[in-house]
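# Remarks on the overall topology
Next come the chains, spelled out residue by residue.
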Amino acid sequence: MNNTKSKTLETQDIINKTRATKKQDSFSTKSGERVGVFICRCGGNISDTVNIQELKSSIDANFVGEFENLCSINCRRHIREEIIDQNLDRVVIAGCSPLTHLKTFQNYADPLNPYMVEMVNIREQCSWVHSDKEKATKKAISLVQAGVEKVKKAKALSKIISRTEKSAAIFGGGISGITAALSLANQGVKVTIIEKNPTIGGFMVKIGKVFSPEKLAEECSLCILNPIINDVINHKNIKIMTKTRLLRAGRRSSYFNLILEKDTSFVHEDRCIACGKCADVCPVEVPDEWNQKMTMRKAIYKPFSQAVPDVYTIDVENCIQCGKCEKVCNMDAIDFKLKSEIISLKSGSVVIATGHESYDLTKRPEYGYGRFDDVISQLDLARILGVNGPTLGKLQKISDGKVPERVVMIQCTGSRDEKTDGKRYCSKVCCMVALKHASIIKDKYPDTEVVICYTDLRTVGMYENYLRYVQDKGIKFIRGRPGEVTKINDKLVVRVEDTLQRKPMEIETDMVVLSEAIEPSEGTMELAKKLNVGLSQDLFIKEKHSKIKPANTDVERIFVCGTAQGPKDITDSVSQANAAAAKVSEQIKCGTEAEPPVAVIKNSLCSHCGKCIEICGFKAVYRDEEYISIDPMACRGCGACAGSCPEGAIEIKGLNDQELFAQMDGLLSDKKEGEVRILAFLDNVGYTAADTIGNNRVTYPESIRIIKIPSINRLMPEHITYAFDHGADGILLAEYPDECMLEAHKAKIQELSDYVASKGIASNKLRFYKAYAPHFRGLAKQFENFNQDMLAEKGK
Amino acid sequence: MLKKGMDHGSKEMVEVIKNDYRASADIGLKRCMQCGLCTSNCPATRHSEYDPREMVKMVLDDNHEILDNPDIWNCFYCYTCQSNCPVNNSPCQVNQILRQKVLLKGGKSQRIYEFLAYGYSYMDFGVGSIPSDFFDELVKDFGEDYLQLKLNLEDIREELGLDDYNLKGNSLNEVKNILIESGFKKKLETFKDAVESKS
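Residues numbered from 1 in each chain as written. Chains lettered and ligands numbered in written order. Predicted model: local features only at pLDDT ≥ 70, side-chain atom pairs only at ≥ 80, totals over all residues.

### Side note on the overall build of chain B
Our working rule: Under the DSSP-based scheme used, a helix requires at least four consecutive residues in state H or I and a strand at least two consecutive residues in state E, with every element numbered from the N terminus. Exposure criterion: with C-beta atoms placed from backbone coordinates, a residue whose C-beta has 20 or more other C-beta atoms within 10 Å is buried, one with 12 or fewer is exposed, and one in between is partly exposed. By the convention adopted here, residues are in contact when the distance between their C-beta atoms, placed from the backbone, does not exceed 7 Å.
When helices and strands are tallied, chain B shows 13 helices and zero strands. The N-to-C order of helical and strand elements in chain B reads α-α-α-α-α-α-α-α-α-α-α-α-α. Each principal axis of the C-alpha atoms in chain B carries an extent, and together these give about 65 × 35 × 35 Å. The burial tally for chain B puts 22% of its 199 residues in the buried class. Look at the contacts in chain B between residues 6 or more apart in sequence, and 64% of them connect residues 24 or more apart.

What follows is the structure, given as structure tokens:
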């Protein structure tokens, strides 16, 4: 006991000491660094405003040289020669913006570690924004000297290499999952398809026909899908696990540890030859999901004739274990002692392709689903029209088996509906599904009238061709959303207003088809929870960025495709599945390098409190079995975690404290009596906006001194104190309001504001600004106003 | 042909209605997609020319002619439209605000005159209840049972262990005073006079 206590004390001591030496370090300059300064005249862009001779003679460094166009390829030789001749171990490039040429100069200074190269931006931040030559020269000197001081504190860093395992787990065996699996398997990736149902194929095997706007026809969905499924079965790189779901998931730096449970079906899949004798003798009959419960199946069954895997399965919930099937099975494939299996799977990436569910139509009781036999859903109709369906493809009313004389379809059932249990979004496919079914009905039963009640027909892009094709078959459209389906004198009646004619009407009909919404599935939500993947407001899997990262989730190495991410048709699902596969492949083949800045946890100091996990909007921090770790691929190096860590156990590799203190020091040390100095800490977007100010030759006061930071989260109260103590009149923190870090930003702004208040510093001296790259004039205005306010304050 | 010039047209009506205290804070008036679900379910539509969808359209178009439309007086506040509207609009609330606008301008007093008895019975009993003026009509509709219920209401309530719901003494006076001070009573009289002086 005592031992542990003393150890803890010791550790604390070490932390304190480390912190103390850190502080001291920043005030003293270590000797031995040899810095070379290369000044670029930029063909007059800099030298016309900045007096290069004066600048050159004022800089204190081991080597100072000036060049006409430093980025030109012959200067590469000059820089290399000077590094070797002068024995330089670090370099300052005084020229344009690092956003333009940092990579170039890291390359030119090749013998040195790239992080030993500091770029001082005397073009966009000096010669292009100031016109007074004397003042601009003075500022340039100050900027360059600050760069020299900063680079002295630089530490050599290397890129972080992380290798993703060459395997992928795909949750969901519908068209999306199958497509992603096949693409990856063809690229040599080991793929496991994990499907909760006894068969793969998803919704596509049920719907019978798919609409084809190209051929202007309805094509057989199984005929399209079967060859793909066969490829999947026969692929050496694909393993299919049906009746399987995720129990737990553990995240590691290069793979996921997935614990799966495969439910028993009391059938040895490897022995079953699908002869069907078992089903013949089974005495239990239950409604068949495959036919939307319009027919019955046995408790031992094969979901449909082309089911994959091609084996019988026992519905454990309904089986009475009478043993009749066991007796009749020649293959000895049935065994009631078979238990569920727990399987551990190591997988480099995860693809979520868990699909959707159909909207529960009993939540719209006004339409009578479940109350009236002949009110059915589009999926029910798909089964009825399917040649392998309950009526073998004949359109029949459930109530009396007769062909309906009129079919009324009601669009947007559950979609575009803000009411309780409704879905606010458009389910995207229902207009096309209704048209497809209308088309099939008109072809087979020209005497049956089809009426589609719609609010807006959404047949976007090329689908408009399909609409015209179906319109030609003579479908009746009524623009209005029905309020009720009821029965009058034994006839179904749809109440709707024909809004184009301003005519409320009651349509008599003998069949009503509700175009049900697509809704997120329970299984998807459960999976998301276990994988810690974020959901959208409508409870689908949220993509990382709807425009530029549509197949990524907010967790590194977990991807999404198909209707698990939102309503979409087969075409879009397949596109996204291929995109997800490409992203997994990219991760395996190239996505193995992360560049600083990144955060690193010192395990010895970490107390596992988890505050860093909470604050990280990039979900880069995670808990594995032993430690809390940071995924360098996901980390942006913003520093929010470091700020939240009570143990000081997180270090940001990239921009260290000593560099920051040295740069501030340099930017403030030459400040004269009565002068105003404002330090502007800008993130990447803010910095880009500042560069754009220069590009557009908009001016702002010389008092503005810019420091590039990964994020305002990088800044701690001690940095603020340091700046004010060393002469800063004001501090501006500008950052792009990135959605996933908004909470961390708010907390940081609060923390720093409270801190400044507690020190008795006027609140207008610390300002926050939301930076937007195109709104550079706003930032310039901000600079201008801040300067004026501080000047006015000085005047008092 | 309807010609649309470059003037943007006023949005006054929409804004006035949206900001009226009677309108729900999150009323989806501007989100109306003219689907007509309200009209298809409206009992007033079934028995008259009232079309809640069109009323909302006219409001969105800032078409003041809706104020002169006699059909808006056929809504009887069943709130079916509000409970069904897929964008959380409430044609019913829109209707109430429109009617109030008409009445405050001095129009259509006859339409409210028919309901003045409700106001007076509120003044008399301090609670909202069906005024005795309507007894005959109700008996006609519901038969003798209604009369029996009304006559024996107090006994029935007592039997069921329920308190007397009529306000008495100070409470009744307080409500009365509030109705007088707030101008409620004056308004009733204004409407009454407006109609009776005409006839």
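On we go.
### A short note on unusual backbone geometry
Omega for the peptide link from valine 308 of chain A to proline 309 of chain A comes to 0°, which places this bond in the cis form. A positive phi angle, near 60°, is found at phenylalanine 266 of chain A, a position not held by glycine. In this structure, phenylalanine 266 of chain A sits in the loop between β12 (256-262) and α9 (277-281). One non-glycine residue, aspartate 62 of chain B, lies in positive phi territory at about 55°. Relative to the elements of secondary structure, aspartate 62 of chain B occurs in the loop between α4 (52-60) and α5 (80-84). With 15 C-beta atoms packed within 10 Å, aspartate 62 of chain B lands in the partly exposed category.

### Quick word on the sheet that holds strand β24 (residues 484-488) of chain A
Residues and elements named next belong to chain A. Our working definition: Two strands are said to pair when DSSP picks up at least two bridges between them. In this analysis, axes come from line fits to C-alpha atoms, helices being fitted only over the stretch in contact, and the angle between any two N-to-C directions falls in the range 0 to 180 degrees.
Reading across from one edge, β24-β25-β26 is the order of the three strands in this open sheet, with antiparallel pairing throughout. The open sheet has two edge strands with one neighbour each: β24 and β26 (503-509). Taking each pair of neighbouring strands and ignoring which way they run, the sheet shows an average axis angle of 30°. Pairing between strand β25 (residues 491-498) and β26: seven bridges, direction antiparallel. In the sheet register, valine 496 faces β26, and the bridge partner there is methionine 505.

### Here's the deal with the pairing of strand β7 (residues 190-194) of chain A
Residue and element names in this part refer to chain A. Let me state the cut-off plainly: Orient the strands so they point away from the viewer, and a crossover whose first-strand-to-second-strand path over the helix runs clockwise is right-handed.
Judged by how many residues are buried, β7 sits mostly within the fold: four of five residues are covered. Note that strand β6 (residues 167-171) and β7 share five bridges and pair parallel. Bridge assignment links isoleucine 170 to a residue of β7, and that residue is isoleucine 193. Crossover β6 to β7 through helix α7 (residues 175-186) is right-handed. Pairing analysis gives four bridges linking β7 to strand β10 (residues 238-241), with the strands arranged parallel. Bridge assignment links valine 191 to a residue of β10, and that residue is isoleucine 238.

### Focus on the nonpolar core
One recurring pattern in soluble globular proteins: nonpolar side chains tend to sit buried together. Defined as follows: Residues enter a nonpolar core if they are buried, belong to Ala, Val, Leu, Ile, Met, Phe, Trp, Tyr or Cys, and are joined to the set through C-beta atoms within 7 Å.
Counting 109 residues, the largest nonpolar core has Val37 and Val144 of chain A as its most contacted members. If you look at the next biggest cluster of nonpolar residues, it comprises 102 residues, including Ala180, Ala185, Ile207 and Leu225 of chain A.

### A closer look at the confidence of the model for chain B
Close inspection of predicted coordinates is inappropriate in any region flagged by low pLDDT. As a reminder, the rule being used: Confidence of the predictor in every single residue is expressed as pLDDT, which spans 0 to 100.
Averaged over all residues, the pLDDT of chain B is 90; the fraction at 70 or higher stands at 99%. Prediction confidence for the complex, expressed as pTM and ipTM, is 0.84 and 0.81 respectively.

### Quick notes on the packing of α7 of chain A against helix α8 (residues 221-234) of chain A
All names here are of chain A. Note the cut-off: Geometric relationships in this document are graded by angle, where less than 35 degrees denotes roughly parallel, more than 145 denotes roughly antiparallel, 65 to 115 denotes roughly perpendicular, and other angles denote oblique. Each crossing gets its handedness from the near helix: less than a right angle anticlockwise from the far helix is left-handed, clockwise is right-handed.
Following both chains from N to C, one finds α7 and α8 inclined at 50°, their axes separated by 10 Å at the closest point. With respect to each other, α7 and α8 are oriented oblique. Crossing handedness for the pair α7 and α8: left-handed. Residues Ile175, Ile178, Ala181 and Leu182 of α7 pack against Leu225, Ile228, Ile229, Asp231 and Val232 of α8.

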